[in-house]
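Close look at the chain arrangement
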Amino acid sequence: MEDSTPKRYNVIVVGGGASGMMAAAIASARGKRVLLLEKNSRLGEKLAISGGGRCNILNAEEDEKKLLAQYGKSEQFLYSTFAKFGMKDAYTFFETNGLPLIVEGRKRAFPKTEKAKDVVRTLERALTKGNVAIRLKSPVTKVHHEHGRITSVEAGGTAYSADSYIFATGGFSRPETGSTGDGFSWLTSLGHTFHPPTPTIVPLKSKESWAKELSGTSAPDAKITFSVEGKRAFSAIGSILFTHTGISGPTILNSSGKVADLLQEGEVTATIDLFHKTDVGTLDKVLSDVFDQNKNKSLRNAFRTFVPPGMSTVLLSLLPDIDVETKVHSVTKENRRRLVVLVKSLPLSITGLMGFNKAVVADGGVPLTEIDMRTMRSKKVENLFIIGDLLHIARPSGGYSLQLCWTTGHVAGTAI
C-alpha cells in the first residue's frame with residue numbers, strides 16, 4: 001500500500017491495531033489526507049489472533065447503562081463518548097461494510113465467518129477506500145513537539161508532519177504482537193501521566209499437579225470460590241479451562257483482577273464445584289443412581305459417565321485409597337460420599353497470575369481526566385488524540401475491550 005504522497009498530512013495515526021485502523025478509516029472517509037504508521041509487517045497483528053482467532057468483536061448489550069457499568073470507575077467518563085458512537089453504531093458499521101455478525105452467549109458478538117482475520121480485512125478495505133497512506137515496519141522513534149503541539153514524528157529515519165496526530169499504539173498485553181507500551185514514554189514526555197499497568201485479564205497459576213494433568217479439559221458450568229488466608233472472598237460461575245500452568249477460561253479471566261488484589265493480602269486458595277446447582281445430598285443420590293445403573297462396571301468406568309469428559313482418572317487419583325478397579329456395587333456409602341464431596345470442592349492453591357505475555361487485556365494508561373472524552377483530544381497537547389488501550393480503563397473479557405477501540409477510534413476520526 002505504498003504511495004508517493006507528500007510527507008505532510010492532515011492526520012498521522014501511530015499504530016495500526018483495532019483503534020488505529022478505525023480512526024484512520026473514519027478520518028479518511030471525511031476527506032482527510034491520512035498516514036498510518038505501523039511497527040509490524042502487517043496491520044492488526046493482535047486483532048488477528050483475538051478470541052482464539054474468532055474475534056469477540058463487541059458485546060451486543062443494548063442497555064447502554066448496563067454496558068458501560070462493565071467499565072467500572074470509567075463508566076462516568078464514557079457516556080459522552082458512547083453517545084457519539086456506541087455499540088449499535090459499531091454493529092452497524094461492520095455489517096454495512098460487509099462483515100455480518102452473530103451473537104452468542106453472554107451477548108458476545110463474533111464475525112459470522114468466525115475468523116478474526118476477516119475483521120482485519122474489513123478495516124483494511126476501509127483504509128484502501130479512503131486512500132490512507134500506510135507505512136509498515138515503521139516504528140516511531142521520536143516525537144517532536146513545541147509550544148504544546150506535536151510538530152512531527154520520526155519513523156525509519158524519516159520525519160512526518162501533520163496538522164493532527166492520533167496515538168493508538170496499544171498497551172502492554174500480548175507483547176509478541178507489538179503491544180509493548182511504546183506510547184507511554186512519548187506521552188510522559190508530552191506532559192501526560194499514566195497509571196502503571198497490571199495484566200488484568202489473565203490465566204491463574206496454581207501449584208497442584210492434578211490441575212496441570214487436566215490441561216486441555218474444561219468444566220463447562222462450574223463454580224469457583226476464592227479465599228484469602230482461609231476467609232471466603234468471592235465466587236464466580238461459568239466455564240473453567242485447565243492448563244499446564246493452572247486454570248483459565250472466561251470465568252477465570254474475568255476474575256483475575258480481583259484475584260490479583262487478593263494476592264496482595266495473603267495466601268489465596270480456591271475450591272471448584274463441578275455441580276454447583278446440586279447440593280451434596282442430592283448429588284449423592286445422583287451418583288448412587290449412576291452406580292445402580294452400572295453395578296458390574298469398575299469405579300474407573302462408571303465414574304467417567306458422572307464427571308465432565310476427560311476428568312475421571314485424574315479426579316479419582318485424588319483419593320488414592322479407593323481402588324478404581326472396584327466394582328461399583330462394592331463401593332461403600334462412605335467412599336461414594338467422599339467422591340461427591342470431592343467434585344464439589346476441588347482444592348487449589350493460587351500462586352499468581354500469568355504475565356503480560358498471556359494477558360488478554362492490560363489496564364494502565366492515561367487517566368481519563370487528561371482526555372476530552374467527547375473528542376478523545378488530549379488536554380495537554382493541542383493537536384494530539386489518544387485512543388484504545390493507551391487509556392486507563394479496566395474492562396472484562398466478552399467484547400468490551402474491542403468496543404472501546406471502535407468507539408474511541410471512531411470518535412477521534414470524526415472529531416479530528
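Before going into details, it helps to say that this report is about the structure given with it. From a predicted model like this one, the values you see are computed outputs, not experimental measurements.

1. So, the overall build of the protein
Per the secondary structure count, the protein includes 14 helices and 20 strands. Each principal axis of the C-alpha distribution contributes one length, and for the protein these read about 85 × 45 × 40 Å. For the protein, the residues scored as buried account for 54% of the 416 residues in total. Within the structure as shown, the protein displays about 18,100 Å² of accessible surface, and the carbon and sulfur contribution to it stands at 50%.

2. Re the state of the cysteines
The tally for this structure, following the rule as stated, stands at 0 disulfides. Cys55 forms no disulfide, and the closest cysteine sulfur to it belongs to Cys405, at a distance of 10 Å. Its relative accessible area of 0% is what places Cys55 among the buried residues. For Cys405, a relative accessible area of 7% corresponds to the buried category.

3. Some details on the sheet that holds strand β14 (residues 246-248)
Either a parallel or an antiparallel arrangement is found when strands of a sheet pair, and the pairing is made through backbone hydrogen bonds. Strand order in the closed barrel made by the 6 strands is β11-β14-β13-β12-β15-β16, with antiparallel pairing throughout. In this sheet, neighbouring strand axes are inclined to one another by 45° on average, regardless of whether the strands run parallel or antiparallel. Looking at chain direction, strand β11 (residues 204-206) and strand β16 (residues 346-353) are connected through 3 bridges and run antiparallel. By the bridge assignment for β16, Lys205 is matched with Gly352. Where helix α9 (residues 256-263) meets the sheet, its contacts fall on β11, β12 (218-228), β13 (231-242), β15 (268-273) and β16, and the angle it forms with β16 comes to roughly 80°.

4. Some details on the pattern of salt bridges
Per the stated rule, a full pass over the model turns up 18 salt bridges. Residue Asp163 is joined to Arg8 by a salt bridge in which the shortest nitrogen-to-oxygen separation is 2.7 Å. Taken together, the positions of Asp163 in strand β9 (residues 158-167) and Arg8 in strand β1 (residues 8-14) put the pair 155 residues apart, joining distant regions of the chain. Assessed through its relative accessible area of 40%, Arg8 is described here as partly exposed. The salt bridge partner of Asp284 is Arg337, with a shortest N-O separation of 3.8 Å. Here Asp284 is found in helix α10 (residues 280-293), whereas its partner Arg337 is found in helix α13 (residues 333-343), with 53 residues between them in sequence. The exposure class of Arg337 is partly exposed, given its relative accessible area of 38%. One network of salt bridges, in which partners are shared, links Arg54, Glu104 and Glu114.

5. Regarding the sheet that holds strand β5 (residues 108-111)
Here we have 3 strands laid out as an open sheet, ordered β3-β5-β4, and antiparallel in their pairing. Pairing within the sheet leaves two strands with one partner each, and these edge strands are β3 (58-59) and β4 (101-103).

6. Regarding the nonpolar core
With 82 residues, the main nonpolar core has Ile12, Leu47, Ile57, Phe94, Phe167 and Trp406 as its most contacted residues. The greatest single-element share of this core, amounting to 8 residues, is contributed by helix α1 (residues 18-29). The residues touching Phe167, leaving out its near neighbours within four places in the chain, are Val14, Val143, Ile150, Trp186, Leu187, Leu190, Leu384, Phe385, Ile386, Ile387 and Leu390.

7. Considerations on unusual backbone geometry
A positive phi angle is found at Cys55, which is not glycine, with a value near 70°. For Cys55, the location among the structural elements is in the loop between β2 (34-37) and β3. You will see that Met376, though not glycine, has its phi angle at about 75°, which is positive. Of note, Met376 is situated in the loop between β18 (371-372) and β19 (377-378). Residue class for Met376 comes out buried when judged on its relative accessible area of 0%.

8. Points about the pairing of β5
Going residue by residue along β5, you find Arg108 and Phe110 tucked away on one face and Ala109 and Pro111 tucked away on the opposite face as well. Here β3 runs beside β5; their pairing, made up of 2 bridges, is antiparallel. What sits directly across from Leu58, in β5, is Ala109. Bridging between β4 and β5 involves 3 bridges; their strand directions are antiparallel. Its bridge partner being in β5, Val103 is matched across the sheet by Ala109. If you look at the hairpin formed by β4 and β5, you'll find 4 residues sitting between the two strands, and Arg106 has a positive phi there, around 55°.

Conventions we followed
- Residues numbered from 1 in each chain as written.
- Predicted model: local features only at pLDDT ≥ 70, side-chain atom pairs only at ≥ 80, totals over all residues.
- Heavy atoms only, no water.
- Helix = DSSP H or I, 4+ residues; strand = E, 2+ residues; numbered from the N terminus.
- Buried < 20%, exposed > 50% of the residue type's maximum accessible area, 1.4 Å probe, protein only.
- Areas by Shrake-Rupley, 256 points an atom, 1.4 Å probe, with all protein chains shown as cover.
- Disulfide = S-S within 2.5 Å.
- Pairing = 2+ DSSP bridges.
- Axes fitted to C-alpha atoms, helices over the stretch in contact; angles between N-to-C directions.
- Contact = heavy atoms within 4.5 Å.
- Salt bridge = Lys/Arg side-chain N within 4 Å of Asp/Glu carboxyl O.
- Core = buried A, V, L, I, M, F, W, Y, C linked by side-chain atoms within 4.5 Å.

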